[in-house]
Amino acid sequence: VAHSQPAIVSRKGSPIDQSSSGQCGASMLSPTEAAELESEVPWSAVLEHAVDLLRQYLRFPTVNDPLRLSPSESLNAPWLAGCEAEAANWLFAVLKNAAINSELLESAPGRVNLIARLTTRTSSKPPLILLSHSDVVPVRRQEWDSQIDPFSGAVRDGYIYGRGALDLKGLGIAHVIIAILLHKLKVPLKRDVVLLVVADEEAGGHFGTEWLLRHRPELMQCGLVLGEGGFSIRGLWHNRDVHAIAVAEKGCLELECIAEANGHHASIISGDAPPARLVAALNRVLNRKFKTRMTSATKAFFETLSDRAEGPARFLFRIPIVKSQLTARHLSKIPAIKAMLNDTIALTVLESGVKGNLVPGQARAVLNIRLLPGSDLDTMREEISQELAKDSIRVTQLPSHTHPANASEFQTQEFAALAKCAGAKERDIVTPILSPGASDGRYFRAAGVPCYGWVPFPISGADLGGVHGPNERLAISSFEQGIRSLYRAVVEIVS
Ligand SMILES: [Zn+2]
């Protein structure tokens, strides 16, 4: 990694002194040494600290909500959608307390990113980045339990409640704890470890990862990114916990579709009334059937599950040629799993008209299209545009929500290390997946940097609904299990 670029002015403190937090590297850890290192960790005190930190972090209302902006703000001051500055300042202080220097980088007023680096003078591998985001999606309070304030860090019945507990402040604190442990225990590093806590992930990363990589291009020289994407779900398959590590993500294409004509009174029927024309044309596009296609990650996912099937049907699930198809058919009733198998088109915005007896002169829709790796974005846009053009509907690509699919190799030592440590219990299943959603990992994968996305806290399928939904919560016992698994994996990967 080159450090010769002009330093961006830190908002606090001086730029990191690369040697002061440095640690002398030693030779690779043997399994026994790794186990010894872990046994050195005073876990109960560490986990108590982690819970305390997460509760404090959840109290910062780092909501990122571009929809709350007025049209003129959206155009002239889009950064007003969120504010991570206070949370970033607090994280800076937490790390400083642990004698870890970090840097705060302001991309726009109130939008602050944090970088901390544990350096080694004897690095033989490019750095590992631990990536999380400090912003969260908005809360609809009426959907939450009235007893729970989403920004209070409340603890109830063994759960920490709050917006961001799962997405993604829990992982952020796990990263901080891991960095502190590596530093305090002087774990011999073979590669630098870089902690990145970014702003603006929930709105596309323009004031976060995208900005940061433009201003700190040396971050792209890292060897591996660990971030979000997959979850650990309790009892998902034959009563076994499934730890899903995202190695790929679908792409996204947003198209704005506008139909226009002269408005007129509703007592007159014209063939080109914009709302009716738009609805009819959209119907054709939405009814399009996409062929099922398994990417390498999805195939690996279904094959891993097939091999672990139990009960009378288990022999069927293990027939080599059909097993992944059988498992796929079985599991594609779950919408999130079905989404791994197809391109999809969702109608997300539909607006027109203000008065019951008036046919309006304009109707507008937004289509959100998700594409598997291998599906071509431009081809899809052209096909949809041509279909809608038959009804004189104008289609515009919305660039800030458009990016291609991405995928990382997963036949790697690092993935194997992660998989080994993720499956804490004997019956656990660890698998790569293609995530149907998108995260900041895409910026790295697109540049050829491997990125594995895994939120390591085992949760129930129902609790997964708290991600961007009501009553987001994380069981303290899961938080602990996840921190320990991820710490073991990171030690394997860096030593
Ligand atoms: Zn997230």
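Scroll up a little and you will see the structure.
Quick caveat, the model's predicted, so the values are computed rather than measured. (Residues numbered from 1 in each chain as written. Predicted model: local features only at pLDDT ≥ 70, side-chain atom pairs only at ≥ 80, totals over all residues. Heavy atoms only, no water.)

A. Up close: the overall build of the chain. Counting secondary structure elements, the chain contains 15 helices and 18 strands. Relative to the globule expectation of 23 Å for 495 residues, the C-alpha radius of gyration of the chain, 24 Å, shows essentially globular dimensions. Its C-alpha atoms give the chain principal-axis dimensions of roughly 80 × 60 × 50 Å. Expressed as a percentage of its 495 residues, the buried residues of the chain come to 53%. For the chain, the share of sequence-separated contacts (at least 6 apart) that also reach a separation of at least 24 residues comes to 81%. Put simply, the chain shows about 21500 Å² of open surface, and 55% of that area lies on carbon and sulfur atoms. For the chain, the centre of its 52 positive side-chain charges and the centre of its 52 negative side-chain charges are spaced 4 Å apart. (Helix = DSSP H or I, 4+ residues; strand = E, 2+ residues; numbered from the N terminus. Rg over C-alpha atoms; globule rule 2.2 N^0.38 Å. Buried < 20%, exposed > 50% of the residue type's maximum accessible area, 1.4 Å probe, protein only. Contact = heavy atoms within 4.5 Å. Areas by Shrake-Rupley, 256 points an atom, 1.4 Å probe, with all protein chains shown as cover. Lys, Arg positive; Asp, Glu negative; His and termini not counted. Charge placed at Lys NZ, Arg CZ, Asp CG, Glu CD.)

B. How the structure looks around the sheet that holds strand 5 (residues 159–161). The antiparallel open sheet is built from 3 strands, whose spatial order is 4-5-18. Across the chains shown, the open sheet's two edge strands, defined by having one partner strand only, are strand 4 (155–156) and strand 18 (473–475). Two elements, strand 4 and strand 5, share 2 bridges in a ladder whose sense is antiparallel. Pairing of Val155 across the sheet is with Ile160, part of strand 5. Relative to the sheet, helix 2 (residues 43–58) contacts strand 4, strand 5 and strand 18, its axis offset from that of strand 5 by approximately 20°. On the sheet, helix 15 (residues 476–494) packs against strand 4, strand 5 and strand 18 and is oriented at approximately 70° with respect to strand 18. (Pairing = 2+ DSSP bridges. Axes fitted to C-alpha atoms, helices over the stretch in contact; angles between N-to-C directions.)

C. Expanded view of the coordination of the zinc ion. Binding of the zinc ion to the protein goes through His133 (NE2), Asp167 (OD), Glu228 (OE) and Glu228 (OE), at separations of 1.9 to 2.7 Å. In this structure, the zinc ion is surrounded by 4 donor atoms whose angles at the metal cover 51 to 146°, and the resulting shape is irregular. Sequence spacing among the residues donating to the zinc ion works out to H-x33-D-x60-E. With Asp167 in helix 5 (residues 165–184) and Glu228 in strand 7 (residues 224–237), the pair connects residues that are 61 residues apart, well separated along the chain. Glu228 carries the same exposure label as Asp167, and that label is buried. (Donors = N, O, S within 2.8 Å, 3.2 Å for Na, K, Ca; no water. Tetrahedral: all angles 85-135°; square planar, octahedral: opposite > 155°, others 65-115°.)

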